[in-house]
Every structure is written in C-alpha cells, then in structure tokens.
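Each chain, written out:
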Amino acid sequence: MRLGIVGSGAIARGLAHTACDAHEIVLWARRAESAERAQEKLEDRAEVVTDLADLASAEIVVEAIAEDVRAKCGLHAELGGLLPPEALLSTTTSSLPVAEIAAASGRPDRFAGLHVFNPVEKMKLVELAFPGEATEDTRQRFRDLCAELGKTAVEVPDAPGFVVNRLLFPYLFDAVRMLERDGIEPEAVDTCMKLGAGHPMGPLALLDFVGLDVATAIGESIGAEIPARVRELVAEGKLGKKSGSGFYDY
C-alpha cells in the first residue's frame, strides 16, 4: 500500500520509519530544507517530496503537522480536494476535535484520528478516534493499519485529550505546581515518581520531552490550568529538550 505522511517532524518521521517495511511511503515536507533533513534521517527508506500533489496516489494519508486546528483544517481541505474519492485521511492530533478536522476534509466518512505516541518506533499505543460519519470499512482499515504498524489500537471518544492526555497533563502540571509551591528540585520529583510509582520518566522530564509549547497547547485544549512556570519558560524560549533547556539543561 502507498501511505502518505504529511509533515517532517518527529512524529511524521517516526511513522515513516515504522511503516516503511510494510508499505511504500511518500512523506511531504513543507520546505526544501525540512525535506533534506527528513531524507537524511530516513536514509532513502521513503520518498520525500515538497509538492502536495505527489500524495495524490496514496491510499491512506496521515497528517502529522503542528497542533494548530486552523492549520490542520486548512491542510485537510487541500488534501480532500486533491486525493481520489476512495482515499482515506487521518490526523495525528493528540487533543484537537477530530470531527472538526474531518469536516474540513470534506470526507468525514473516510476519516480517523490516529494519535500515535512519541517515540513512534517504541510506543505501542494508538488512540483511534472517529467522527460519527466514519463507515465501518473506514474503521476496519485503520484498525488494520495500526496492526500492520505493530501497534495496539484502542478506540476512544472524540473528546479533548482523548484518554491519555486528559488524564496525564493535569498530573504533569501538578508536578510543576509542587515545584512552585514547595521549592523541591525537578530531579527529586522525577526520581520519586520513577522509583515510587514505576514510571519510566518523571513528570518534569516528560514535559521537557513533549515540549513545553506543545504541553501548553494540549493543556489549553483540555481546559487544564497551565502553571505560571510553564508559561514563563515558553516565553523565554525554553521549550524543553528540543531547544536545549526547560526544567533541565540538555
């Protein structure tokens, strides 16, 4: 199957890397420099393009751009007009309304929310969320795709944050409020949660890994209160691991 991937960030590249053994991959990057970086990381295991029209032959297209509903809706409107009628579309949103993005595509009956987790190569869960119009054939094809990627698909309601982020981010933000209130060091909180609760990564390190700008966007989408310290770090350009500093220096 020819699988189209829209985007060139960590999630898009992880999807391409995970799927390339089972499917023919074409990955779209917005800019030439982004395409070059993606091609370098994928080592010629996928076709990387900068023209959206090159996705027209894909049977399923997975969008993996930034968590911005207007950007996603605009891109899906383009894709909906470009792809053949039988093609399926999906978004990797972790917190935005799938039904709204599906409606923008013009094909909500052939649409899914496909929330994969970073790093895609290691994380086994996919939260599958469907708009009400999605047909049973659409639902089954996305279940099959998840299985082909070696993932466990769990169907979840199309509600802000789905299951994982809706439960996870209030906990992560509460860890930040503990720093603000008690003056405890990030390392102490993270060590307690790793050794005491069996978490593979502590909450402050996880926020840095996700990206504090992304965490803020997710928090706002689920109606969680964003701690002042998170907003201060974002304003300073300290977004976590990807920028070299956040709660920790990298």
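Note that this is a predicted model, so its numbers are computed, not measured.

> Describe in detail the pattern of salt bridges, supporting the description with residues and values.
Where charged atoms from two side chains of opposite charge come close, those side chains can pair. Summed over all chains, the structure comprises 15 salt bridges. Of the charged contacts, one joins Glu-232 and Arg-229 as a salt bridge, the two residues approaching to 3.4 Å between their closest N and O atoms. Residue Glu-232 and its partner Arg-229 are both found in helix 10 (residues 228–235); the two are separated by three residues, about one turn of the helix. The salt bridge involving Glu-236 is made with Lys-238; its shortest N-O contact spans 3.7 Å. A relative accessible area of 47% places Glu-236 in the partly exposed class. A network of salt bridges, in which partner residues are shared, links Arg-2, Glu-24 and Glu-47.

> Just give me the short version of unusual backbone geometry, but keep the residues and values in it.
The amide bond that connects Asn-118 to the next residue, Pro-119, takes the cis arrangement and shows omega of 0°. Despite not being glycine, Glu-43 shows a phi value in the positive range, around 50°. Looking at the secondary structure, you find Glu-43 in the loop between helix 2 (32–42) and strand 3 (47–49). What makes Glu-43 exposed here is its relative accessible area of 59%. Its identity is not glycine, yet Asp-44 carries a phi of approximately 65°, on the positive side. By the secondary structure assignment, Asp-44 is in the loop between helix 2 and strand 3. Looking at Asp-44, the relative accessible area reads 65%, which means it is exposed.

> Let's hear about the pairing of strand 1 (residues 2–6): which residues, and what values?
Of all five residues in strand 1, five are buried; the element is thus mostly enclosed. Side chains of strand 1 alternate between two faces, with Arg-2, Gly-4 and Val-6 and Leu-3 and Ile-5 buried alike. With respect to chirality, the unit in which strand 1 leads through helix 1 (residues 10–19) into the neighbouring parallel strand 2 (residues 24–28) is right-handed. As paired elements, strand 1 and strand 4 (residues 60–63) share four bridges and run parallel to each other. Pairing of Gly-4 across the sheet is with Val-61, part of strand 4.

> Would you mind going over the side chain of Asp-208 in detail, with residue names and values included?
By the secondary structure assignment, Asp-208 is in helix 8 (residues 203–210). The charged side chain of Asp-208 is buried without a salt bridge, its nearest counter-charge being Arg-229 at 9.5 Å. A distance of 3.0 Å separates the side chain of Asp-208 from the backbone nitrogen of Tyr-248, its partner in a polar contact.

> Any details on the sheet that holds strand 6 (residues 111–116)? Residues and values, ideally.
Here eight strands make up an open sheet; going across it, the order is 3-2-1-4-5-6-7-8 and the pairing mixed. Of all the strands in the sheet, the pair left with one neighbour each is strand 3 and strand 8 (152–155). Put simply, the sheet's adjacent strands are angled 25° from each other on average, direction ignored. Bridge count for strand 1 against strand 2 is five bridges, and the pairing is parallel. Its bridge partner being in strand 2, Leu-3 is matched across the sheet by Ile-25.

> Requested: an account of the packing of helix 1 against helix 2, with residues and values cited.
At a minimum axis separation of 10 Å, helix 1 and helix 2 run at an interaxial angle of 35°. For the pair helix 1 and helix 2, the sense of crossing is right-handed. Contacts between helix 1 and helix 2 involve Arg-13, Ala-16 and His-17 on the former and, on the latter, Ala-38, Lys-41 and Leu-42. Of the residues that constitute the contact of helix 1 with helix 2, the class distribution is three nonpolar, one polar and two charged.

Analysis parameters
- Residues numbered from 1 in each chain as written.
- Predicted model: local features only at pLDDT ≥ 70, side-chain atom pairs only at ≥ 80, totals over all residues.
- Heavy atoms only, no water.
- Salt bridge = Lys/Arg side-chain N within 4 Å of Asp/Glu carboxyl O.
- Helix = DSSP H or I, 4+ residues; strand = E, 2+ residues; numbered from the N terminus.
- Buried < 20%, exposed > 50% of the residue type's maximum accessible area, 1.4 Å probe, protein only.
- Right-handed = clockwise from strand over helix to strand, strands pointing away.
- Pairing = 2+ DSSP bridges.
- Lys, Arg positive; Asp, Glu negative; His and termini not counted.
- Polar contact = N/O pair within 3.5 Å; in protein donor to acceptor, adjacent residues only side chain to side chain.
- Axes fitted to C-alpha atoms, helices over the stretch in contact; angles between N-to-C directions.
- Left-handed = near helix turned anticlockwise from the far one by under 90°.
- Contact = heavy atoms within 4.5 Å.
- Nonpolar A, V, L, I, M, F, W, Y, C, P; charged D, E, K, R; others polar.

Everything listed here is a matter of coordinates, which is why it stays silent on function.
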